Amino acid sequence: MAENKEEKSENKILVPFFKPQIGEEEKKAVMEVMSSGWLTTGKVTKAFEDEFAAFTGARFALAVNSNTSGMILAMEACGVKAGKAVITTPYTFVSTAACARHLGADVYFADIEKDSYSIDPDKIEEILKNNSEKIAAIVPVHIAGNVCDMEKICALAKKYSTPNHKIYVIEDAAHSFPARTKSGMAGTLGDAGVFSFYATKTITTGEGGMVTTGDESLAKRMGVMRLHGMNRSAWDRYTSPKASWEYDIIDCGFKCNLPDVLSAIGRQQLKKADGFLKSRTKTAQRYNEAFKDCDFLTLPPNQDGNAWHLYLIRINPEKLDCSRDEFAKELQNRGLGISMHFIALFKFSYWKKLYPDFTAENYPNAADHTERTITLPFYPGMTRDEEETVIRIVKECGAAHHV
């Protein structure tokens with residue numbers, strides 16, 4: 001029995017991977033919606049869209065029930081379909097590429113840069129040189145709060161577009177709210193941007209997302225396809241003088257709307273977004289200072305305007321007598337709630353079977369990052385004690401395995 005107690009003690013989580021910051025404001029807003037008699041997509045969601053558009057500087061914003069749904073809507077509006085393809089990175093969550101497959105399209109993968117997690121524009125151009133007519137969209141993924149080289153990527157899309165064939169740029173901005181660049185906010189730099197409000201994101205609605213665009217035709221198409229291809233929303237059908245049963249289905253759409261209950265949370269979170277960023281930035285600075293002399297790890301990239309969604313370290317295997325997985329397991333056993341961002345898609349059975357040439361050997365930078373990266377506990381409102389616990393355990397593990 002004593003051994004079992006000791007084992008449980010060793011596996012106790014001292015610092016979780018993430019803690020959502022939900023306050024009384026969010027609870028009150030949800031209860032107001034609950035008491036209103038209108039729970040699904042309505043005036044609260046419309047207010048959330050308007051406020052998000054104003055915050056980001058986007059012309060249009062459409063609330064959706066997940067980043068994945070938003071990505072499908074954006075891709076469909078940009079002409080991603082059977083016979084077409086997208087270019088994206090192998091270093092991402094599976095949904096980025098899977099959305100193209102849901103629409104019947106192919107996926108071309110461009111490796112990431114050697115010293116960052118961002119897709120390499122030079123690798124994008126290598127694909128475009130021979131396949132530009134098939135490419136409907138380039139989908140850069142902003143990892144952990146840093147932003148891809150959108151100036152180069154948008155220039156490539158323009159360069160390889162023709163009067164009869166536009167190549168769109170759809171930003172996967174799930175990690176990048178509210179990253180700011182000299183050209184504007186991440187998610188507003190291409191033709192469309194898709195954000196995530198999943199539980200661990202920089203602001204949350206529990207589940208949810210937002211699509212932004214400056215293109216009115218894209219916004220109209222996504223607005224219709226968001227709710228079954230219907231030409232009237234539920235709010236309009238049940239609140240306007242026009243008969244609720246009078247509507248048309250103009251295409252075979254999806255079910256991607258965000259209900260007012262969740263939008264109520266999002267509106268309050270949006271008000272706190274810059275405060276959350278300030279808190280995460282302080283924790284990142286403390287981690288950076290604490291780890292700067294640790295030769296067994298590499299600090300995360302840090303661009304100006306970084307949204308600091310995640311804190312990613314890369315272990316330097318030549319300085320350790322253990323693998324990344326062994327190092328990560330020890331961090332976990334000592335009480336840290338860690339994760340991995342990301343497992344490159346060529347590691348998964350589906351993608352291996354679909355594309356035989358999609359291998360680690362052909363994407364060396366993504367392969368290297370996959371084998372070396374660990375995501376540490378990181379969230380707004382971390383206490384100094386929590387930060388110091390993370391720092392101490394990482395350093396202790398490094399010292400125990402240093403060579």
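The following refers to the structure shown. (Residues numbered from 1 in each chain as written. Predicted model: local features only at pLDDT ≥ 70, side-chain atom pairs only at ≥ 80, totals over all residues. Heavy atoms only, no water.)

### Some details on the overall build of the chain
Quick note on the threshold: Only DSSP runs of H or I reaching four residues or more are called helices, and only runs of E reaching two or more are called strands; each is numbered from the N terminus. Radius of gyration means the value over C-alpha atoms here, while the globule rule gives 2.2 Å times the residue count to the 0.38 power. Throughout this description, buried means an accessible area under 20% of the type-specific maximum (1.4 Å probe, protein chains only), exposed means over 50%, and partly exposed covers the range between. Here Asp and Glu are counted as negative and Lys and Arg as positive; His is not counted, and neither are the chain ends. Taken as the charge centre is NZ of Lys, CZ of Arg, CG of Asp or CD of Glu, depending on the residue.
Per the secondary structure count, the chain includes 14 helices and 12 strands. Computed over the C-alpha atoms, the radius of gyration of the chain is 22 Å, within 12% of the 22 Å expected from 2.2 N^0.38 for a compact globule of 403 residues. In the chain, buried positions account for 55% of the 403 residues. Each charge class in the chain was averaged separately, 50 positive and 53 negative side chains, and the resulting centres sit 4 Å apart.

### Remarks on the pattern of salt bridges
Applied cut-off: Salt bridge, as applied in this entry: a Lys or Arg side-chain nitrogen positioned within 4 Å of an Asp or Glu carboxyl oxygen.
Per the counting criterion, the structure on display carries 27 salt bridges. The partner of Asp 325 in a salt bridge is Arg 324, with the nearest N and O atoms 2.8 Å apart. Residue classification places Arg 324 among the buried residues on the basis of a relative accessible area of 11%. Put simply, Glu 330 and Arg 334 hold a salt bridge, and the shortest N to O gap is 3.0 Å.

### Overview of the pairing of strand 4 (residues 135–139)
Heads up, the condition is: Pairing between strands is defined by DSSP: at least two bridges between the two strands are required.
Where burial is concerned, most of strand 4 is hidden: 5 out of the 5 residues are buried. Relative to strand 4, strand 2 (residues 85–88) runs parallel, the two sharing 4 bridges. By the bridge assignment, Thr 88 is partnered in strand 4 with Val 139. In the sheet, strand 4 pairs with strand 5 (residues 168–172) via 2 bridges, with the strands oriented parallel.

### Topic: the packing of helix 10 (residues 260–291) against helix 14 (residues 384–401)
The following threshold applies: Lines fitted to C-alpha atoms define the axes, with helix axes restricted to the stretch in contact, and inter-axis angles between N-to-C directions lie between 0 and 180 degrees. Angle categories: roughly parallel below 35 degrees, roughly antiparallel above 145, roughly perpendicular from 65 to 115, and oblique for all the rest. Take the far helix as the reference: if the near one is turned anticlockwise from it by less than a right angle, the crossing is left-handed, and if turned clockwise, right-handed. Two residues qualify as a contact provided that any one of their heavy atoms is within 4.5 Å of a heavy atom in the partner residue. Any residue that is not Ala, Val, Leu, Ile, Met, Phe, Trp, Tyr, Cys, Pro, Asp, Glu, Lys or Arg is counted as polar, Gly included; the first ten are nonpolar and the last four charged.
Put simply, helix 10 and helix 14 touch, their axes get as near as 11 Å, and they point 30° apart. It follows that helix 10 is roughly parallel to helix 14 by the angle criterion. As helix 10 runs across helix 14, the sense of the crossing is right-handed. Counted together, Thr 283, Arg 286, Tyr 287, Ala 290 and Phe 291 of helix 10 and Arg 384, Glu 387, Val 390, Ile 391, Val 394 and Lys 395 of helix 14 form the full contact between these two elements. Tallied by class, the residues present in the contact of helix 10 with helix 14 amount to 6 nonpolar, 1 polar and 4 charged.

### What to know about the environment of Val 86
Take Val 86: it is sitting in strand 2. In this structure Val 86 comes out as buried when scored by relative accessible area, which is 0%. Between the C-alpha atoms of Val 86 and Gly 37, which are 49 residues apart in sequence, the distance is 42 Å.

### Remarks on the nonpolar core
Soluble globular proteins: nonpolar side chains tend toward being buried together. Put simply, the rule is: For our purposes a nonpolar core is just a set of buried Ala, Val, Leu, Ile, Met, Phe, Trp, Tyr and Cys residues, chained together by side-chain atoms within 4.5 Å.
Counting 80 residues, the largest nonpolar core has Met 75 and Leu 331 as the members making the most contacts within it. Non-local contacts of Met 75, meaning those with residues more than four positions away in its chain, are made with Val 80, Val 86, Thr 96, Cys 99, Ala 100, Leu 103, Val 139 and Ile 170. Grouped together as the second largest cluster of nonpolar side chains are 22 residues, Ala 85, Cys 148, Met 150 and Ala 157 included.

### Examining unusual backbone geometry
The omega torsion of the bond from Phe 177 to Pro 178 falls at 0°, within 30 degrees of zero and hence cis. Here Pro 178 is to be found in the loop between strand 5 and strand 6 (180–181). Note the cis peptide between His 341 and Phe 342, where omega equals 5°. With a phi close to 65°, Ala 144 is a non-glycine residue in the positive phi region. Residue placement: Ala 144 occurs in the loop between strand 4 and helix 7 (150–160).

### Digging into the packing of aromatic side chains
For clarity, the threshold we go by: Only rings of Phe, Tyr and Trp enter the pairing, Trp through its six-membered ring, and a pair is recorded when the two centres are within 6.5 Å. The plane angle decides the type: under 30 degrees is stacked, over 60 is edge-to-face, the rest tilted. For a Lys NZ or an Arg CZ to count as sitting over a ring, it must be within 6 Å of the ring centre and within 35 degrees of the ring normal.
Within this structure, the stated rule accounts for 26 aromatic pairs. Plain terms: the ring middles of Phe 346 and Phe 358 are 5.7 Å apart, the flat faces sit at 85° to each other, and that makes the pair edge-to-face. Of this pair, Phe 346 sits in the loop between helix 11 (324–333) and helix 12 (349–354) while Phe 358 is found in the loop between helix 12 and helix 13 (364–372), placing the two residues 12 residues apart along the sequence. Across the pair, exposure class does not vary: Phe 346 and Phe 358 are buried alike. Taking the centre distance of 5.3 Å and the plane angle of 85° together, the rings of Phe 358 and Tyr 363 count as edge-to-face. Classification of Tyr 363 as buried rests on a relative accessible area of 13%. Members of the aromatic cluster, each reached through a chain of ring pairs, are Phe 109, Phe 346, Tyr 350, Trp 351, Tyr 355, Phe 358 and Tyr 363. Taking the ring centre of Tyr 168 as reference, the NZ or CZ of Lys 166 above it sits at 5.0 Å.

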